[in-house]
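# Examining the three-dimensional arrangement
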Amino acid sequence: MKTQNLNSQKKMNEAKRSSLFRTPSFKAALSCLIFVAAIIFSACDKDDDDVKKDPESIVPERFAIDIPSSISSQDSKTKSSKVDTLRGEDLYQHLRNFIGAGEASAKLIQDVLLWVALHNLTHPMEFTFISDDDGRAKHLSVVENVKFDGKNWQYCLTVKDIENGMTKDTNIGLQIFYDLDPIVGTAILNFYNIDRNHDKVFKDTYYKVEYSEKGNLGYEKHMIVSIADFPIPPQEPNIYALTNMKMFVGKTGDIISIYGNSKHPNAFFFDDKETGFNWAFVAAAHDKKNIAVAEVGLPPMNLDADDRYTLLEEYSMENVLKNQILSVWPTIDTEILNAYLYETKAPAFFNNGGFVQGQTAPTDDYLPLEGKIQDLVPYNPKKDILNLLIEFYE
């Protein structure tokens, strides 16, 4: 019996190494888009080095919230001290990647806005240019007093691909509805229509950022980042690649609250017969101290639930992985199983190096953040994430 238990443990370790917590390709692909974003408007007949932002610019100066690296990062350097245990840095690497991907999406749109601001848009206007990136005709317009989503907006900025002329089928690349004082708005981006050369695989991928410094929703400022129809790479080695994501980030003072979900159609853990999971998460971070607390649930991607107990307790990381292991190795020794899942116990605590430990706060500095996440609830996996749709306004 002891030999069987040890063999089960060995197989669990092999499963972890071969498939369980591989880093997805999403953030690498998104980083490529951000790099391209720095030059997408380079054909407006202006040299960026000679252009200074006009103080009377009507383009928003900000459209994203910075998230501390403790909870938003692609690198995890903290080493687990437990032996024969799923390492916390592996368990929570995806969480930090997904939050980082949401933050990067918001900054992608913000970077585009900052470039546009360099072109001295001080009043409503429109012009056409040939993009140096894909050699296609683009049209940029800024108009006043536009109604969208049941609200009147001060401005609407739109960039279209018009290679075949201005028709009803013109392809929009960027559309932003916004007010300037305070800054509040909604931005939608389709990168394929900004640069047709580099990103054909992203033809049906849309990004959306709702940003506000109005002080509503209980925060001094907040943003809601959504990503729809991100292309799925081949399943191996991209088991955990995401297709849809929605994340809320609110900030007041130095405290940042985060909650959201991401959809992973190919995801499986120990039992490869059960695929398709949703990463449901809540987190709170301290900006200056660069510490964070988080809790993760792993519900099925088609689960219709929006309460905290179901998403984060019933489908907690610990419960889901435990059930998966027991379905494959039903006779495994309880002591071995509990030791193996030791660092899956919620909540998880992070510092500037990544994961620190689970269940118990390392210091009292974490206690306010631990209390904060108790008031946060992820989105409904089925209703809000499964078939997430982002569309331009016509």
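## Some details on the overall build of the protein chain
Helices and strands together make up the secondary structure of the protein chain, namely nine helices and 13 strands. A total of 394 residues make up the protein chain; the buried ones form 57% of that total. Put simply, of all contacts in the protein chain between residues at least 6 apart along the chain, 64% involve residues at least 24 apart. Surface accessibility of the protein chain: about 17,100 Å² in total, with carbon and sulfur atoms responsible for 46%.

## Details of the pattern of salt bridges
Summed over all chains, the structure comprises 14 salt bridges. For K138, the salt bridge identified is with D161, shortest N-O distance 2.7 Å. Taken together, the positions of K138 in strand β2 (residues 137-148) and D161 in strand β3 (residues 151-161) put the pair 23 residues apart, joining distant regions of the chain. Of the residues examined, D161 reaches a relative accessible area of 3% and is grouped as buried. With its nearest N and O atoms 3.6 Å apart, the salt bridge here joins D365 to K289.

## A few points about the pairing of strand β8 (residues 244-252)
Summarising burial for β8: eight of the nine residues are buried, a large majority. Pairing geometry for β8 and strand β9 (residues 255-264), over nine bridges, is antiparallel. The partner of K246 across the bridge, within β9, is N261. Linkage of β8 to β9, two consecutive antiparallel strands, is achieved through a turn of two residues, within which G253 is found at a positive phi near 65 degrees.

## Comments concerning the confidence of the model for the protein chain
Of the residues in the protein chain, 79% reach a pLDDT of 70 or more, and the chain-wide mean stands at 82. Below pLDDT 50 for its whole length, residues 35-51 participates in 38 contacts with residues either more than four positions away or in separate chains. Confidence over residues 76-83 falls short of pLDDT 50; this stretch has 19 contacts with residues more than four positions distant or in other chains.

## A word on helix α6 (residues 317-328)
Compared with the 16 Å implied by 1.5 Å per residue over 12 residues, the 17 Å span of α6 between its first and last C-alpha is a close match. Along α6, the residues classified as buried are M317, E318, V320, L321, Q324 and I325.

## Some points on the packing of aromatic side chains
As enumerated under the stated definition, the model contains 22 aromatic pairs in all. Seen from their ring centres, F350 and F355 are 6.0 Å apart, and the 75 degrees between their planes marks the pair as edge-to-face. Of the two residues examined, F350 and F355, each falls in the buried class. Positioned above the aromatic ring of W153 is the side chain of K151, whose terminal nitrogen or guanidinium carbon lies 4.0 Å from the ring centre.

## Quick look at the nonpolar core
Counting 77 residues, the largest nonpolar core has I71 and I258 as its most contacted members. At 11 residues, helix α4 (residues 93-117) tops the list of elements feeding residues into this core. By size, the runner-up hydrophobic cluster in this structure holds 20 residues, among which are F248, L303, Y366 and I373.

## As for the side chain of S226
Here S226 shows up in strand β7 (residues 221-228). In this structure S226 touches Y206, Y207, K208, M245, K246, L388 and I390, once residues within four positions along its chain are discounted.

## Topic: the pairing of β2
The sheet contact formed by strand β1 (residues 125-130) and β2 spans six bridges and is antiparallel. Of the residues in β2, the one forming a bridge with T128 is H139. From the end of β1 to the start of β2, which pair antiparallel, there are six residues, and G135 there has a positive phi angle of about 70 degrees. Here β2 runs beside β3; their pairing, made up of 10 bridges, is antiparallel. In the strand pairing of β3, S141 is matched with T158.

## Some words on the environment of I224
Considering the arrangement of structural elements, one finds I224 in strand β7. Sequence separation between I224 and T186 is 38 residues, and the spatial gap between their C-alpha atoms is 9.3 Å. Those residues within four positions of I224 in sequence are excluded, and the remaining contacts are K208, V209, E210, K246, M247, F248 and Y379.

## Observations regarding unusual backbone geometry
In the segment running from D181 into P182, the intervening peptide bond is cis, with an omega of 0 degrees. For P182, the location among the structural elements is in the loop between β4 (171-180) and β5 (183-189). Residues A346 and P347 are joined by a peptide bond in cis, for which omega reads -5 degrees. Position of P347 among the secondary structure elements: in the loop between α7 (334-340) and β12 (348-351). Even without being a glycine, D149 presents a positive backbone phi close to 55 degrees. Tracing the backbone through its elements, the reader meets D149 in the loop between β2 and β3. On the basis of relative accessibility, which here comes to 66%, the residue D149 falls in the exposed class. The backbone phi angle of N290 is positive, close to 55 degrees, even though this residue is not glycine.

Rules used throughout
Residues numbered from 1 in each chain as written. Predicted model: local features only at pLDDT ≥ 70, side-chain atom pairs only at ≥ 80, totals over all residues. Heavy atoms only, no water. Helix = DSSP H or I, 4+ residues; strand = E, 2+ residues; numbered from the N terminus. Buried < 20%, exposed > 50% of the residue type's maximum accessible area, 1.4 Å probe, protein only. Contact = heavy atoms within 4.5 Å. Areas by Shrake-Rupley, 256 points an atom, 1.4 Å probe, with all protein chains shown as cover. Salt bridge = Lys/Arg side-chain N within 4 Å of Asp/Glu carboxyl O. Pairing = 2+ DSSP bridges. pLDDT = per-residue confidence, 0-100. Expected span 1.5 Å × (residues − 1). Phe/Tyr/Trp six-rings, centres within 6.5 Å; stacked < 30°, edge-to-face > 60°. Lys NZ or Arg CZ within 6 Å of the ring centre and 35° of its normal. Core = buried A, V, L, I, M, F, W, Y, C linked by side-chain atoms within 4.5 Å.

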